[in-house]
Amino acid sequence: NAGVTQTPKFRILKIGQSMTLQCAQDMNHNYMYWYRQDPGMGLKLIYYSVGAGITDKGEVPNGYNVSRSTTEDFPLRLELAAPSQTSVYFCASSPLSGRAGNEQFFGPGTRLTVL
Amino acid sequence: EDQVTQSPEALRLQEGESSSLNCSYTVSGLRGLFWYRQDPGKGPEFLFTLYSAGEEKEKERLKATLTKKESFLHITAPKPEDSATYLCAATNQAGTALIFGKGTTLSVSS
């Protein structure tokens, strides 16, 4: 199992550009999440999905969009990139909710800089 | 508002010097308390889940405990390879998202 994979690892964007951060998992997990991590701050939830076709906003969704067409993939779209979106982005997945359902498994992250 | 607070922000230990990291939480209807380890440039790595007060989990030199207000991560006789940032997180009654603390950065010198 590769676990949770993310591409790209690094990216520099200009203000106003758009891009998609890719995330895939091969553990057949229903739940998937996107977080951002800023220096000295805890991880903040951007969006999450409880299954294919179902997504919902987290704590900091503004400026982002997601889709979930398959169980495996959960891309995060940035439209009109702004310097405030400079951060490290982590994708995570977890099994169906239950006693063990919230043990989230994280990808290696995408470091994004917006200039 | 649900909140998770970790202390200290940073901790420096000598190899073999045991200590504890603190995680205090105010979460409505705690469903789970989680500890993760994060190495520089990597994603968080799952360590433990605790579900109810009084519960304890151990893994090598690490032991996690839980009370009704806080959790502790005890590190016994640490080694330099234990150096990392340790993250605490909780889920509330809704149980969907993890609420993270800011982490404690541990440095262990030989």
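Refer to the structure presented above.
This report concerns the structure included in the present document. Here the structure is a predicted model, which is why all the values come from computation and not from measurement. (Residues numbered from 1 in each chain as written. Chains lettered and ligands numbered in written order. Predicted model: local features only at pLDDT ≥ 70, side-chain atom pairs only at ≥ 80, totals over all residues. Heavy atoms only, no water.)

Some words on the overall build of chain B
Next, step 1: Along its length, chain B carries zero helices and 11 strands.
Next, step 2: When its helices and strands are written in sequence order, chain B yields β-β-β-β-β-β-β-β-β-β-β.
Next, step 3: A compact globule built from 110 residues should have a C-alpha radius of gyration of about 13 Å, and chain B, at 13 Å, falls within 12% of that.
Next, step 4: Judged by the C-alpha coordinates and their principal axes, chain B covers about 45 × 30 × 20 Å.
Next, step 5: Considering only intrachain contacts with a sequence separation of at least 6, the fraction spanning at least 24 residues in chain B is 55%.
Next, step 6: Surface exposure of chain B reaches about 5,300 Å², of which carbon and sulfur atoms provide 46%. (Helix = DSSP H or I, 4+ residues; strand = E, 2+ residues; numbered from the N terminus. Rg over C-alpha atoms; globule rule 2.2 N^0.38 Å. Contact = heavy atoms within 4.5 Å. Areas by Shrake-Rupley, 256 points an atom, 1.4 Å probe, with all protein chains shown as cover.)

Observations concerning the side chain of B:D82
Next, step 1: Turning to its location among the elements, B:D82 is positioned in the loop between β8 (70-75) and β9 (84-91).
Next, step 2: Sequence-distant contacts of B:D82, that is, excluding residues within four places in its chain, are made with B:R37, B:R61, B:L106 and B:V108.

Thoughts on the packing of aromatic side chains
Next, step 1: Applying the stated criterion across every chain yields a total of nine aromatic pairs over all chains.
Next, step 2: Where B:Y36 meets B:F46, the ring centres are 5.8 Å apart and the plane angle is 75°; that geometry is what we call edge-to-face. Here B:Y36 is found in strand β4 (residues 32-38), whereas its partner B:F46 is found in strand β5 (residues 45-50), with 10 residues between them in sequence.
Next, step 3: Look at B:Y36 and you get buried, because its relative accessible area is 0%.
Next, step 4: What links up through ring pairs into an aromatic cluster is the set A:Y31, A:Y33, A:Y35, A:F106, B:Y36, B:F46 and B:F100. (Phe/Tyr/Trp six-rings, centres within 6.5 Å; stacked < 30°, edge-to-face > 60°. Buried < 20%, exposed > 50% of the residue type's maximum accessible area, 1.4 Å probe, protein only.)

Some remarks on the interface of chain B and chain A
Next, step 1: The interface is formed by 21 residues belonging to chain B together with 20 residues belonging to chain A.
Next, step 2: Approximately 1,700 Å² of surface area, both sides summed, lies buried where chain B meets chain A, with 55% of it carried by carbon and sulfur atoms.
Next, step 3: The interface formed by chain B and chain A contains zero salt bridges.
Next, step 4: Looking at the side of chain B that touches chain A, the elements that each hand over two or more residues are β4, β5 and β9 of chain B.
Next, step 5: The greatest single-element share of the side of chain B that touches chain A, amounting to three residues, is contributed by β4(B).
Next, step 6: When grouped by side-chain class, the residues that make up the side of chain B that touches chain A number nine nonpolar, eight polar and four charged. (Buried area = accessible area lost by both parts, 1.4 Å probe. Salt bridge = Lys/Arg side-chain N within 4 Å of Asp/Glu carboxyl O. Nonpolar A, V, L, I, M, F, W, Y, C, P; charged D, E, K, R; others polar.)

Digging into the environment of A:T20
Residues and elements named next belong to chain A.
Next, step 1: Tracing the backbone shows T20 in strand β3 (residues 19-25).
Next, step 2: The sequence separation of T20 and A52 amounts to 32 residues, and the corresponding C-alpha distance is 18 Å.
Next, step 3: Here T20 is in contact with P75, L76 and R77, once residues within four sequence places are set aside.
Next, step 4: A polar contact is formed between the side chain of T20 and the side chain of R77, at a distance of 3.0 Å. (Polar contact = N/O pair within 3.5 Å; in protein donor to acceptor, adjacent residues only side chain to side chain.)

Quick notes on the nonpolar core
The tendency in soluble globular proteins is for nonpolar side chains to be buried side by side.
Next, step 1: By size, the foremost hydrophobic cluster in this structure holds 23 residues, and its most contacted members are B:L33, B:W35, B:L73 and B:Y86.
Next, step 2: Those elements that provide at least two residues to this core are β2 (10-14), β3 (19-26), β4, β5, β7 (62-66), β8, β9 and β11 (104-109) of chain B.
Next, step 3: The dominant element in this core, judged by the number of residues it contributes, is β9(B), at four residues.
Next, step 4: Apart from residues no more than four positions distant in its own chain, B:L73 is found in contact with B:S19, B:S20, B:L21, B:W35, B:F48, B:L62, B:K63, B:A64 and B:Y86.
Next, step 5: Membership of the second largest hydrophobic core comes to 19 residues, among which are A:M19, A:C23, A:Y64 and A:A81. (Core = buried A, V, L, I, M, F, W, Y, C linked by side-chain atoms within 4.5 Å.)

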